[in-house]
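Results of the structural survey
In case you want the letters, here they are:
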Amino acid sequence: MNFKKWYADRGPKFIAQRASKLFSRYGISAQRSKTRIEDSMQTLAKFGCAPTFFTPGTVVERYPQFIQGLQKEGAEIAVHSYQHIDLSAIKPAEAVDQLMKALSVFEKFGIENHGFRGPYLGCSKELLDSIPADLFEYSSNQAIWVDGPALDSATNQTLIFDTLRRFYQPAPSSETVSNPSMRTNLLEIPVCVPDDLQLHDGLNLKSPGISQVWIEMLQQTHARGDLFNLIFHPELSSICTESFEILLEQAKLLKPAVWITRLCDINDWWKEKAGFKVDVHPNSEGLTLEFTCSARGTVLAKGFDHTYSDNLWNETYFELQDKTLTLPTNQHPFVGLDYKAPEQIVTFLREQGYIVITDHMATSCEVYIDAETLSRLGSQVNIIDYIETSSAPLIRFWKWPNGAKSAICITGDLDAMTLFDYASRLSTP
Ligand SMILES: [Zn+2]
């Protein structure tokens with residue numbers, strides 16, 4: 001490990017503040033950590049929630065039985081490098097070695113592998129491109145800053161808050177949606193920040209303040225139908241547990257429902273959804289649309305004259321019960337895009353469940369976005385708003401299974417169990 005760089009990235013004040021927190025939260029034995037991790041699992045289980053724990057290979061190596069037990073109780077264990085080091089600060093080849101070494105430890109101790117997260121969310125594009133195909137199914141490293149009134153009004157900002165924000169380099173939720181996206185070799189499942197360390201140590205918020213921020217993050221992601229991928233650290237789990245209860249109670253009340261799940265299940269679903277399609281059959285009366293999707297897929301429609309109030313999904317959409325729909329006129333309730341539209345936008349909209357047409361039929365679609373409008377809209381959020389505020393008839397697949405409107409995952413970075421685990425990070429070469 002490059003100690004000089006590690007020191008320069010943090011500075012003496014941050015290191016001193018962080019060290020005093022660690023001394024108060026970790027002991028020489030792992031028992032304290034084990035108890036609070038198990039307590040948080042039990043609290044989450046009351047709401048049918050199991051966490052995803054990103055765990056360094058060294059921690060799995062030191063506490064294999066404990067980690068196996070968490071997996072047995074339903075937690076997903078995911079790779080968090082081998083040593084807890086910033087993978088974006090070392091050469092991609094060295095970072096890949098760290099991931100491979102972690103995987104061999106996972107395999108040795110019978111821990112399932114699906115995805116990884118770099119410590120400090122450190123993961124460069126070069127690293128993602130260097131990871132051999134089939135090593136992982138997903139990465140969860142892209143941070144999205146989801147703010148709301150409670151966060152905006154928290155003024156007690158400390159150095160910890162800003163230092164962590166610098167590490168995470170989040171994209172603002174005002175421009176970027178919090179949903180998975182497929183890269184060539186793996187799925188990226190973004191993570192929502194601020195995290196618990198920023199809220200508690202960075203803003204000095206106690207449990208009620210943390211709950212309020214999380215509830216606003218839940219409300220924003222639910223309103224948009226997005227994923228709330230919450231990140232916490234088991235060192236704070238005794239403080240977070242009360243907030244988990246309040247948050248998940250709220251999540252259970254929302255309609256349409258919030259899918260409470262793990263990242264490996266999100267990964268399975270997003271790949272299942274990628275196979276959904278619609279076939280369009282013109283006939284003498286108009287068009288018959290035939291939808292192909294799995295049993296838990298949801299097809300939504302809006303902007304039609306028909307009365308479908310029995311199947312209203314929310315205030316805008318109704319849910320199609322049949323997987324075929326005959327339209328009385330030659331309507332194309334799809335999203336047409338200029339043929340010059342960037343491929344990444346076409347892929348992005350398809351991943352959001354829209355039926356996107358880019359060929360000569362694009363201009364006959366009920367919602368058509370020309371090249372000039374597309375470039376004026378710019379951000380993901382603006383493009384979605386443009387489509388959703390149109391009153392034109394539109395049909396789409398929904399983003400989540402079984403009619404759920406949004407999703408939530410509780411993900412913990414299980415970085416260390418004892419003070420020794422922390423100290424060993426500094427002594428590694
Ligand atoms: Zn970590």
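Residues numbered from 1 in each chain as written. Predicted model: local features only at pLDDT ≥ 70, side-chain atom pairs only at ≥ 80, totals over all residues. Heavy atoms only, no water.

Things to note about the nonpolar core
Burial of nonpolar side chains together is a common tendency in soluble globular proteins. Which entries qualify depends on this criterion: For this analysis, a nonpolar core means a set of buried residues of the types Ala, Val, Leu, Ile, Met, Phe, Trp, Tyr and Cys, connected via side-chain atoms within 4.5 Å. Throughout, exposure labels follow a simple rule: accessible area from a 1.4 Å probe, protein chains only, divided by the maximum for the residue type, with under 20% read as buried, over 50% as exposed, and the rest as partly exposed. Any two residues whose heavy atoms approach within 4.5 Å at even a single point are treated as in contact.
Ranked by internal contacts, the top residues of the largest apolar core, which has 79 residues, are Leu70 and Trp214. Among all residues touching Trp214, those that are not within four sequence positions of it are Asp196, Leu199, Phe228, Leu230, Cys240, Ser243, Phe244 and Leu247. Ranked by size, the runner-up nonpolar core spans 56 residues in total, among them Val177, Leu289, Ala301 and Ile384.

Remarks on the coordination of the zinc ion
Rules: A donor here means an N, O or S atom no more than 2.8 Å from the metal, or no more than 3.2 Å when the metal is Na, K or Ca. Since water is not included, a site may seem to lack partners.
Only His80 (NE2), His84 (NE2) and Asp415 (OD) from the protein reach the zinc ion as donors, at distances of 2.1 to 2.2 Å. Each donor residue of the zinc ion belongs to the same chain, and together they define the spacing H-x3-H-x330-D. The residues His80 and His84 share a single accessibility class, namely buried.

A word on the pattern of salt bridges
As a reminder, the rule being used: Any carboxyl oxygen of Asp or Glu within 4 Å of a side-chain nitrogen of Lys or Arg constitutes a salt bridge here. Here a strand is any run of E in DSSP of at least two residues, a helix any run of H or I of at least four, and the numbering for each starts at the N terminus.
Here the structure, examined in full by the defined rule, presents 9 salt bridges. The shortest N-O distance in the salt bridge between Arg117 and Asp413 comes to 3.2 Å. With Arg117 in the loop between strand S3 (115-116) and helix H6 (125-130) and Asp413 in strand S21 (residues 406-413), this pair connects stretches of sequence that are 296 residues apart. Arg117 sits in the buried class, given a relative accessible area of 0%. Note that Glu272 is salt-bridged to Arg296, the shortest N-O span being 2.8 Å. With Glu272 in helix H12 (residues 263-273) and Arg296 in the loop between strand S13 (286-292) and strand S14 (299-302), this residue pair connects regions lying 24 residues apart in the sequence. Arg296 gets classed as partly exposed once you look at its relative accessible area, which sits at 24%. Connected through salt bridges with shared partners, the residues Lys125, Asp129 and Arg183 form a single ionic network.

Looking at the sheet that holds S13
Think of a sheet as strands paired side by side through backbone hydrogen bonds, with each pair either parallel or antiparallel. We count it as follows: In this scheme, strands are said to pair when DSSP sees at least two bridges between them. Lines are fitted to the C-alpha atoms to define the axes, a helix being fitted only along its stretch in contact, and any angle between axes, read from their N-to-C directions, falls within 0 to 180 degrees.
Spatial ordering of the open sheet is given by S12-S13-S16, a layout of 3 strands whose pairing is antiparallel. The open sheet terminates on both sides in strands that have one partner only, identified here as strand S12 (277-283) and strand S16 (324-327). Direction aside, the axes of adjacent strands within the sheet are offset by 20 degrees on average. In this structure, S12 lies alongside S13, joined through 7 bridges in antiparallel fashion. Within the sheet, the bridge partner assigned to Asn283 lies in S13 and is Gly286.

Regarding unusual backbone geometry
The omega torsion of the bond from Val193 to Pro194 falls at 15 degrees, within 30 degrees of zero and hence cis. Considering the arrangement of structural elements, one finds Pro194 in the loop between strand S9 (191-193) and helix H9 (196-202). Each neighbour pair has its own omega, and for Lys255 with Pro256 the value is -15 degrees, a cis peptide bond. One non-glycine residue, Asp134, lies in the positive phi region at around 75 degrees.

Considering the domain arrangement of the protein chain
This is how the line gets drawn: In this document the domain limits rely on a domain assignment from an automatic tool or a database. When two parts are put together, the accessible area they lose, computed with a 1.4 Å probe and summed over both, is reported as buried area. Throughout this description, a polar contact denotes any pair of N or O atoms lying within 3.5 Å of each other; where both atoms belong to protein, one of them has to be capable of donating a hydrogen while the other can accept it, and for residues adjacent in sequence the pair is counted only when both atoms sit in side chains. Polar here means any residue outside two lists: the nonpolar Ala, Val, Leu, Ile, Met, Phe, Trp, Tyr, Cys and Pro, and the charged Asp, Glu, Lys and Arg; Gly therefore counts as polar.
Partitioning the protein chain into domains gives domain 1 (3-254 + 406-427) and domain 2 (269-403). For domain 1 and domain 2, the distance between their C-alpha centres works out to 34 Å. Listed per partner, the contact involves 17 residues of domain 1 and 12 residues of domain 2. A buried area of about 1,100 Å², summed over both sides, lies between domain 1 and domain 2, and 60% of it is on carbon and sulfur atoms. It is Glu175, Val177 and Pro180 in domain 1 that bury the most area against domain 2; as a group they hold 34% of the surface buried on that side. Our count for the domain 1 to domain 2 interface comes out at 1 salt bridge. Among the salt bridges present, the one from Lys399 reaches Asp226, with a minimum N-O distance of 3.0 Å. Viewed at the interface, domain 2 and domain 1 are joined by 10 residue pairs in polar contact (both at pLDDT 80 or more). Its residues assigned to classes, the side of domain 1 that touches domain 2 comprises 6 nonpolar, 7 polar and 4 charged.

Examining the side chain of Ser139
Inspection of the secondary structure assignment puts Ser139 in strand S4 (residues 138-139). By relative accessible area, which is 0% here, Ser139 ends up buried. Of the polar contacts made by the side chain of Ser139, one reaches the side chain of Glu188; its length is 2.3 Å. In contact with Ser139, not counting residues within four places along its chain, are Phe116, Leu128, Leu186, Leu187, Glu188 and Ile189.

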